[in-house]
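The primary structure of each chain is shown beneath.
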Amino acid sequence: MNSRFGKLPWLWLSLLVFVLDQASKLYFEGTLRLYQQIEIVPGLFSWTLAYNTGAAFSFLAGESGWQRWLFALIAIAVSGVLVVWLKRLHAAETWLAVALALVLGGAVGNLFDRVAYGHVIDFILVHWQDRWFFPAFNLADSAITVGAIMLALDMFISKKSGETAHD
């Protein structure tokens, strides 16, 4: 039986992701200069400060600025869909609620950056020595990734067994 609010109480997790994401971005923006690197694990992991005006992996970052509003509109639409989806979930669909809440919190975190600053603040840099660099990312990106993996697992497990993933 679906309660009136579905899994909306899981919005606390979205809020937590948003707050931690924004606090970490403010900390690193106040601590580092643009593109400065502080190696945490030599040759593998660094803190840095980078601005991304594009989407994931700097997609469309070189455009004139219209992409800021396109990605903001997409984030608003996706966030609306995720809230409605959370509301419609059944009591047993906790795994799915956590996944959706993580994606929502990350989407809103990056949306805030885009609207307030015109770019997303990134500060996590994974690399292999000075030869290979994964694009810089942030806590919002991490939450979106974990949530998306959980959604994929839920779909895979649901399709295979006819039931939802671990609740």
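Residues numbered from 1 in each chain as written. Predicted model: local features only at pLDDT ≥ 70, side-chain atom pairs only at ≥ 80, totals over all residues. Heavy atoms only, no water.

A. Highlighting the pattern of salt bridges. Counted according to the given criterion, the structure contains two salt bridges. Between K25 and D21 there is a salt bridge whose closest N-O contact spans 2.7 Å. Residue K25 and its partner D21 are located together in helix α1 (residues 11–31), separated by four residues, close to a single helical turn. Comparing K25 with D21, the two get one shared label, buried. With its nearest N and O atoms 2.8 Å apart, the salt bridge here joins D113 to K25. Residue D113 is located in helix α3 (residues 94–117), and its partner K25 is located in helix α1; the two are separated by 88 residues in the primary sequence. We classify K25 as buried; its relative accessible area is 1%. (Salt bridge = Lys/Arg side-chain N within 4 Å of Asp/Glu carboxyl O. Helix = DSSP H or I, 4+ residues; strand = E, 2+ residues; numbered from the N terminus. Buried < 20%, exposed > 50% of the residue type's maximum accessible area, 1.4 Å probe, protein only.)

B. Representation of the packing of aromatic side chains within the structure. Applying the stated criterion to the full structure yields 10 aromatic pairs. When the ring of F18 is compared with that of F112, the centres are 5.9 Å apart and the planes differ by 85 degrees; the resulting orientation is edge-to-face. Of this pair, F18 sits in helix α1 while F112 sits in helix α3, and the two are 94 residues apart along the sequence. Assessed through its relative accessible area of 38%, F112 is described here as partly exposed. On the numbers, 6.1 Å between centres and 80 degrees between planes, the contact of F112 with Y117 is edge-to-face. The structure contains a cluster of three or more aromatic residues connected by ring pairs, namely Y27, F28, F45, W47 and F123. (Phe/Tyr/Trp six-rings, centres within 6.5 Å; stacked < 30°, edge-to-face > 60°.)

C. Structural view of the sheet that holds strand β4 (residues 132–133). Read from one edge to the other, the open sheet built from four strands follows the order β1-β2-β3-β4, with strand pairing classed as antiparallel. Edge positions in the open sheet fall to β1 (37–41) and β4, since each of these has one partner strand only. The sheet contacts of α1 involve β2 (45–52) and β3 (120–128), and relative to β3 the element is tilted by about 75 degrees. Against the sheet, α3 makes contact with β2 and β3, and its axis sits at roughly 120 degrees relative to β3, the strand it touches most. (Pairing = 2+ DSSP bridges. Contact = heavy atoms within 4.5 Å. Axes fitted to C-alpha atoms, helices over the stretch in contact; angles between N-to-C directions.)

D. Fine view of the side chain of D21. Its relative accessible area of 0% is what places D21 among the buried residues. Within the local environment of D21, its side chain forms a polar contact with the backbone nitrogen of A140, the two atoms lying 3.0 Å apart. Setting aside its immediate chain neighbours within four residues, D21 contacts G109, N110, N138, L139 and A140. (Polar contact = N/O pair within 3.5 Å; in protein donor to acceptor, adjacent residues only side chain to side chain.)

E. Layout of the pairing of β2. Across four bridges, β1 lies against β2 in antiparallel orientation. Residue E39 lies in a different strand from β2, and its bridge partner there is S46. Here β1 hands over to β2 after three residues, with G43 in that stretch at a positive phi of 75 degrees. Pairing between β2 and β3: six bridges, direction antiparallel. Each bridged residue has a counterpart across the sheet, and for S46 the counterpart in β3 is L125.

F. Inspection of the nonpolar core at higher detail. In this structure, L86, L89, L100, L102 and L151 are the most contacted members of the largest nonpolar core, which totals 18 residues. Elements with a contribution of two residues or more to this core: α1, α2 (66–88), α3 and α4 (139–161). Discounting residues that sit within four places of it in the chain, L151 has contacts with W85, L96, A99, L100 and V103. (Core = buried A, V, L, I, M, F, W, Y, C linked by side-chain atoms within 4.5 Å.)

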